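# Analysis of the macromolecular model
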Amino acid sequence: MNFNQSKYRITYEAFSKFSSKLSKAETLEEVSKLTLTNLKYFFNYHSISIKSITRNHQLCFSFSINKADFYYEKLGLNIFEKRLFERKVPIYEELRENDISTLTNFDLPVLEEAKIYASYFDYGSTKACVSIISDENRKFGMDDVEILRLLTDAFVSKTRQIRLKSELEEKNEEFKNAIQEIDVKNKQIESIVDTQKAIIKIRTKNILDKNKQLVSILQSISHNLQEPLSRILGLLDLSEGVSKDEFIVDILPYLKESATDLDIIFKDLVKKNAEDIKLLSKENDE
Amino acid sequence: MQKILSFSQKKMTNSLKKIPTIFLVDDQKITNFINKKLIENSKIKGEIFDFINPLKALRKISQLQPSHILLDLNMPQINGWEFLEEMKKNNLKSKVIIVTSSDSPLDRERAKDFEQVVGYKTKPLSEEKIKKIFNQ
């Protein structure tokens, strides 16, 4: 077994362990930490950045030898990434001192013959740009490209899964909130309906009470009017069988008295009922 | 017991021989006048006493032993129902004909509670109604 073969074996074993741990990670934090501790077993580098880009946002991970960082970014591709997006061809070239600070947030040691390797990956709706800064002391070579590809595949797929999961949870939360809101509104509506029902019940009872009062007023009217009226009818009935003199002496004064009684009662009723009706309509207004 | 029975029989025969006594009880003197005339016109034999105060009528029942009482329901001192209760309490057995301007089914129903009530007539009375009452 030569050196290269044993190096591959160790690297792939390390990647396989990394891979199985990665599959269990649940947060971007965990992914970031796990990647930082394992990167050094895959290849040499000074700094590496992995950007996964979707239509809505851009998720950036940066790693140095001992530090890791990740954040969402709205825009901003560096010059190498711009080139990658245009040409979709990997870049492997020497890096000028001035460009280093634009590529990494970390303070790197003084580099000897710094180089950049950058590559573009297409995962359908998600695109990824990976750029690696290396130098003579920590050299990233073309034979490391294959393991980088495997790493990027696993990494992007995992971060996308976590992102979708959190979006789903957010949506679920929104959905729950919406349901809660609907619940609250329903209860409000129910209470409004209940109040209305109670009001209708009270109003209906009031109307029934008023109707009863009106019926009793009517009964008293008819009874009070009936009494003198029946006298008048009785007197008229009697008058058919009597002489003119007898009528004038015995019956006519009674007729007159009864008619007067009827008139008094009638006037009194009209007055009294006008008051009652006024009172009823006043109560209704309240 | 037999004594009481024979006594009451004797009394009944006595009252039949005598001209019957009729009470008119109505707080309206005109109504009493009308009913008195109607009874006279109907050739009903009887001595008529009219009362506008029912309490006075009650006091006179045991003394004058009327065979018939024409009773109004709606009166200020005591109403017809109270009058009937008093009669019941004092075991006064005259036949009562209620004469009222109320044609209420409730009142008609209530009248059945008193066995001395033999008729229920609405005002105004007529000769025809009078004849029906006294030929019963």
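Residues numbered from 1 in each chain as written. Chains lettered and ligands numbered in written order. Predicted model: local features only at pLDDT ≥ 70, side-chain atom pairs only at ≥ 80, totals over all residues. Heavy atoms only, no water.

## A look at the overall build of chain A
The number of helices and strands found in chain A is 6 helices and 6 strands. Going from N to C terminus, chain A has its helices and strands arranged as α-α-β-β-β-α-β-α-β-β-α-α. By the compact-globule yardstick of 19 Å for 286 residues, chain A is too spread out, its C-alpha radius of gyration being 51 Å. Each of the 286 residues in chain A was classed as buried or not, and the buried ones make up 33%. Accessible surface for chain A amounts to roughly 18700 Å². Of this, 56% is attributable to carbon and sulfur atoms. With 43 positive and 47 negative side-chain charges, chain A shows a spacing of 7 Å between the two charge centroids. (Helix = DSSP H or I, 4+ residues; strand = E, 2+ residues; numbered from the N terminus. Rg over C-alpha atoms; globule rule 2.2 N^0.38 Å. Buried < 20%, exposed > 50% of the residue type's maximum accessible area, 1.4 Å probe, protein only. Areas by Shrake-Rupley, 256 points an atom, 1.4 Å probe, with all protein chains shown as cover. Lys, Arg positive; Asp, Glu negative; His and termini not counted. Charge placed at Lys NZ, Arg CZ, Asp CG, Glu CD.)

## Let's talk about the side chain of A:Thr104
All names here are of chain A. Mapped onto the fold, threonine 104 is located in the loop between α4 (97–103) and β5 (115–123). The buried category is assigned to threonine 104, whose relative accessible area is 8%. Only 3.1 Å separates the side chain of threonine 104 from the backbone nitrogen of phenylalanine 106, close enough to count as a polar contact. Excluding its chain neighbours within four sequence positions, the residues that come into contact with threonine 104 are Ser47 and Ile133. (Polar contact = N/O pair within 3.5 Å; in protein donor to acceptor, adjacent residues only side chain to side chain. Contact = heavy atoms within 4.5 Å.)

## A few points about the state of the cysteines
The term disulfide refers to a covalent linkage connecting the sulfur atoms of a pair of cysteines. Residue and element names in this part refer to chain A. Counted according to the given criterion, the structure contains 0 disulfides over all chains. Cysteine cysteine 129 remains unbridged, with the sulfur of cysteine 60 as its closest cysteine sulfur at 9.8 Å. Looking at cysteine 129, the relative accessible area reads 0%, which means it is buried. (Disulfide = S-S within 2.5 Å.)

## Things to note about empty space enclosed by the protein
Residue and element names in this part refer to chain A. Tallied over the full model, the rule gives 5 cavities of 30 Å³ or more. Approximately 80 Å³ is the volume found for the largest cavity. Lining the largest cavity are Asn4, Lys7, Tyr8, Thr11, Tyr12, Phe42, Asp143, Asp144 and Ile147. Of all the elements, helix α1 (residues 3–24) adds the most residues to the lining of the largest cavity, at 5 residues. Considering only residue class, the lining of the largest cavity consists of 4 nonpolar, 2 polar and 3 charged. (1 Å grid on protein atoms, 1.4 Å probe; cavity = no way out; pocket = protein on both sides within 12 Å on 5 of 7 lines; lining within 4 Å. Points joined across faces, edges and corners; volume = space filled by probe spheres on them. Nonpolar A, V, L, I, M, F, W, Y, C, P; charged D, E, K, R; others polar.)

## Description of the environment of A:Cys60
Residue and element names in this part refer to chain A. Looking at the element boundaries, cysteine 60 is found in strand β2 (residues 58–63). A sequence separation of 10 residues divides cysteine 60 from isoleucine 50, and the C-alpha atoms of the two residues are 5.9 Å apart. With sequence-adjacent residues up to four places away left out, cysteine 60 is seen in contact with Ile50, Lys51, Asp69, Phe70, Tyr71 and Glu73.

## Digging into the sheet that holds strand β1 (residues 47–53) of chain A
Residues and elements named next belong to chain A. Strands sit in the order β3-β2-β1-β6-β5-β4 across an open sheet of 6 strands; the sheet is antiparallel. Of all the strands in the sheet, just β3 (68–73) and β4 (91–94) have a single pairing partner and so form its edges. Direction aside, the axes of adjacent strands within the sheet are offset by 15° on average. Where β1 meets β2, 6 bridges bridge the pair, whose relative direction is antiparallel. Bridged to isoleucine 53 within β2 is glutamine 58. (Pairing = 2+ DSSP bridges. Axes fitted to C-alpha atoms, helices over the stretch in contact; angles between N-to-C directions.)

## Structural notes on the sheet that holds strand β2 (residues 47–51) of chain B
Residue and element names in this part refer to chain B. Across the sheet, 5 strands lie side by side as β2-β1-β3-β4-β5; this open sheet has parallel pairing. Of all strands in the sheet, those bounded by a partner on one side alone are β2 and β5 (117–122). Strand-to-strand twist in this sheet, taken as the mean axis angle between neighbours without regard to direction, amounts to 15°. Relative to strand β4 (residues 95–100), strand β3 (residues 68–71) runs parallel, the two sharing 4 bridges. Across the sheet, the residue bridging to leucine 71 is isoleucine 98, located in β4. With respect to the sheet, helix α3 (residues 54–64) is in contact with β1 (21–25), β2 and β3, its orientation differing from that of β1 by roughly 170°.

## Some words on the packing of α1(A) against helix α2 (residues 28–42) of chain A
Residues and elements named next belong to chain A. The contact between α1 and α2 brings their axes to 10 Å, and the two run at 175°. When the interaxial angle is binned, α1 and α2 end up roughly antiparallel. Residues Thr11, Ala14, Phe15, Phe18, Lys21, Leu22 and Lys24 of α1 form the contact with α2, whose participating residues are Glu30, Val31, Leu34, Thr35, Asn38, Tyr41 and Phe42. (Parallel < 35°, antiparallel > 145°, perpendicular 65-115°, else oblique.)

## Quick word on the nonpolar core
A:Phe42, A:Phe43, A:Ile48 and A:Leu148 are the most contacted members of the largest nonpolar core, which totals 30 residues. Of all the secondary-structure elements, those providing two or more residues to this core are α1, α2, β1, β2, β5, β6 (126–134) and α5 (145–239) of chain A. Excluding residues that lie within four positions of it along the chain, A:Phe43 makes contacts with A:Ile48, A:Ile132, A:Phe140, A:Asp144, A:Ile147, A:Leu148 and A:Leu151. Residues B:Met75, B:Phe83, B:Ala111 and B:Tyr120 belong to the second largest nonpolar core, which totals 23 residues. (Core = buried A, V, L, I, M, F, W, Y, C linked by side-chain atoms within 4.5 Å.)

## Let's talk about a negative patch on the surface
All names here are of chain A. A cluster of acidic residues, Glu94, Glu112, Glu113 and Glu136, forms a negative patch on the protein surface. Looking at where glutamate 94 falls in the secondary structure, it is placed in strand β4. We classify glutamate 94 as exposed; its relative accessible area is 59%. (Patch = residues over 30% accessible without salt bridge, like charges linked within 9 Å, V, L, I, M, F, W, Y side chains within 5 Å. Salt bridge = Lys/Arg side-chain N within 4 Å of Asp/Glu carboxyl O.)

## Regarding a nonpolar patch on the surface
On the surface, a cluster of nonpolar side chains totalling about 250 Å² of accessible area is made up of A:Leu229, A:Leu233 and A:Leu236. You can see A:Leu229 is positioned in helix α5.

## Quick look at α2(A)
Residues and elements named next belong to chain A. The end-to-end C-alpha distance of α2 is 20 Å, a good match for the 21 Å that 15 residues give at a rise of 1.5 Å each. Along α2, the largest kink reaches about 35° and is centred on leucine 36. Considered for burial, the residues of α2 that qualify are Leu28, Val31, Ser32, Leu34, Thr35, Leu36, Asn38, Leu39 and Phe42. Close packing links the buried residues of α2 with α1, β1, β2, β3 and α5. (Expected span 1.5 Å × (residues − 1). Bend = angle between axes of the 7 residues up to and from the residue.)

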